[in-house]
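# Geometric and topological summary
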Amino acid sequence: MAFAEVQSPPTFAQQLNDELRNAHPTEIIRRAFELYGPKLALVSSFGAESAVLLHLAAQVSKGIPVMFLDTGMLFGQTLDYRKSLSAELGLSDVRDLRPRFADLATNDPDAVLWKTDTDACCEIRKVVPLDLALDDFDAWMTGRKRFHGGDRLRLPVVEETERHLKFNPLANWSKEDLDAYVVKHHLPAHPLVAAGFPSIGCWPCTKAVDAGADVRAGRWQGQDKTECGIHTARAPGVVSDVGGGI
Ligand code: SF4
């Protein structure tokens, strides 16, 4: 005798994803802010494409807390851009997240861990500081997009991790959508974009690439690593969220 397959009821994240899967990024951000208010954060690298999400979020509220991972290994141009762009957009709550002193002293006192173990380096410089900062929040927004390829091809608009709901307001947008938005709103470019960096992270792990190369081809070149680990589900039995480094 055949039994009908029992379907689990959709989770809140799945319901929200169904509701917002084709929505404009502004509508997604507005809905997230309406649901979570001060418990909603935005995580930004102030990298090559960051201005778009930051500008969109600023139209909803300039006070949304923005988490910026200052790993201690960023390009000076990124630090300058973080300051100038925040000021231009009027962002009132940008938080610089730095690695814990004890983690650096114990695991990377000479700041060379990236040469031998990039996963461990990302763990103490990105994953741990962000995990600690996100203790204060119930949901956060990322700037990931499907067109970046790899695991991101199946990126939903709303996903869940063991502790948070995650919104990806730009998941549906193409490179052309982003470029058009930048032109329309006169958003300033990260200074390294013109030097051939379509994706910008820490200086030891980011290289310039030829025009037309994959957006993330300059990240961790020569390694299997493609993501920093901040988007990796970290509890057994959890719905796996989609990988993605900032
Ligand atoms: S991207 Fe490179 S330098 Fe930056 S935290 Fe990861 S391994 Fe370290």
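Our subject in this report is the structure included herewith. (Residues numbered from 1 in each chain as written. Predicted model: local features only at pLDDT ≥ 70, side-chain atom pairs only at ≥ 80, totals over all residues.)

A tally of helices and strands in the protein chain yields eight helices and six strands. What you see in the protein chain, going N to C, is helices and strands ordered as α-α-β-α-β-α-β-α-α-α-β-β-β-α. Taking 2.2 N^0.38 as the reference for a compact globule, 246 residues should give roughly 18 Å; the C-alpha atoms of the protein chain span a radius of gyration of 18 Å, in line with that estimate. With the C-alpha coordinates of the protein chain rotated into their principal frame, the extents come out at 65 × 45 × 35 Å. (Helix = DSSP H or I, 4+ residues; strand = E, 2+ residues; numbered from the N terminus. Rg over C-alpha atoms; globule rule 2.2 N^0.38 Å.)

Bringing the pairing of strand β2 (residues 66-69) into the picture now. Both faces of the sheet carry side chains from a regular strand, because those side chains alternate between them. Neither face of β2 is exposed, since Val-66 and Phe-68 on one face and Met-67 and Leu-69 on the opposite face are all buried. For strand β1 (residues 40-44) and β2, the ladder comprises three bridges, and the chain directions are parallel. Residue Leu-42 lies in a different strand from β2, and its bridge partner there is Val-66. Crossover handedness for the path β1 to helix α3 (residues 50-60) to β2: right-handed. As paired strands, β2 and strand β3 (residues 94-97) are joined by four bridges and run parallel to one another. Within β3, the position partnered with Leu-69 by the bridge is Leu-97. Following the backbone out of β2, through helix α4 (residues 76-89) and into the adjacent parallel β3, one traces a crossover that is right-handed. (Buried ≥ 20, exposed ≤ 12 C-beta atoms within 10 Å, placed from the backbone. Pairing = 2+ DSSP bridges. Right-handed = clockwise from strand over helix to strand, strands pointing away.)

Time to look at the site of the ligand. Surveying the vicinity of the ligand reveals 13 residues, the closest of which are Cys-121, Cys-122, Arg-125, Cys-202 and Cys-205. Top element by residues in the shell around the ligand is helix α7 (residues 118-133). It accounts for five residues. Across the shell around the ligand, the residue classes break down as eight nonpolar, three polar and two charged. (Near = placed C-beta within 6 Å. Nonpolar A, V, L, I, M, F, W, Y, C, P; charged D, E, K, R; others polar.)

Despite not being glycine, Ala-111 shows a phi value in the positive range, around 55°. Here the phi dihedral of His-186 falls at roughly 55°; this positive angle occurs in a residue that is not glycine. For His-186, the location among the structural elements is in the segment after α8 (175-184). Since 8 C-beta atoms lie within 10 Å of it, His-186 is described here as exposed.

Moving on to the nonpolar core. In terms of nonpolar packing, the biggest core is built from 48 residues, with Ala-32, Leu-42, Leu-54, Ala-57, Val-66, Met-67 and Phe-167 touching the most fellow members. Examining the composition of this core, we find that seven residues originate from one element, α3, more than from any other. Not counting residues within four places of it along the chain, the set of residues in contact with Ala-32 comprises Leu-40, Ala-139, Met-141 and Phe-167. (Core = buried A, V, L, I, M, F, W, Y, C linked by C-beta atoms within 7 Å. Contact = placed C-beta atoms within 7 Å.)

Moving on: the sheet that holds β3. Sheet architecture is open: six strands sit in the order β3-β2-β1-β4-β6-β5, paired in mixed fashion. Of all the strands in the sheet, the pair left with one neighbour each is β3 and β5 (158-160). Between one strand and the next, the sheet's axes are offset by a mean angle of 30°, whatever the strand orientation. Examined bridge by bridge, β5 and strand β6 (residues 165-167) share three bridges and lie antiparallel to one another. Counterpart to Glu-159 in the pairing with β6 is Lys-166. Against the sheet, helix α1 (residues 12-20) makes contact with β5 and β6, and its axis sits at roughly 170° relative to β5, the strand it touches most. (Axes fitted to C-alpha atoms, helices over the stretch in contact; angles between N-to-C directions.)

Quick look at α7 now. Between the first and last C-alpha of α7 there are 22 Å, a value that for 16 residues agrees with the 22 Å anticipated at 1.5 Å per step. When we look at burial in α7, the residues that qualify are Cys-121, Cys-122, Glu-123, Ile-124, Arg-125, Lys-126, Pro-129 and Leu-130. (Expected span 1.5 Å × (residues − 1).)

Further remarks concern the environment of Pro-38. Within the fold, Pro-38 resides in the loop between α2 (25-36) and β1. Overall, the presence of 14 C-beta atoms within 10 Å leaves Pro-38 in the partly exposed class. Separated by 42 residues in the primary sequence, Pro-38 and Asp-80 have C-alpha atoms spaced 27 Å apart.

Attention shifts here to the environment of Trp-114. With respect to the secondary-structure elements, Trp-114 resides in helix α6 (residues 113-116). Between the C-alpha atom of Trp-114 and that of Trp-173, which follows or precedes it by 59 residues, the distance is 32 Å.

Moving on, we come to the packing of α2 against α3. Two elements in contact, α2 and α3, have axes whose closest approach is 9 Å; the angle formed by their N-to-C orientations is 55°. Here α3 runs oblique to α2, going by the angle between their axes. The element α2 and its partner α3 pack so that their crossing is right-handed. Residues Pro-25, Thr-26, Ile-29, Arg-30 and Phe-33 of α2 touch α3, and the partners they reach there are Leu-56, Ala-57, Gln-59 and Val-60. (Parallel < 35°, antiparallel > 145°, perpendicular 65-115°, else oblique. Left-handed = near helix turned anticlockwise from the far one by under 90°.)

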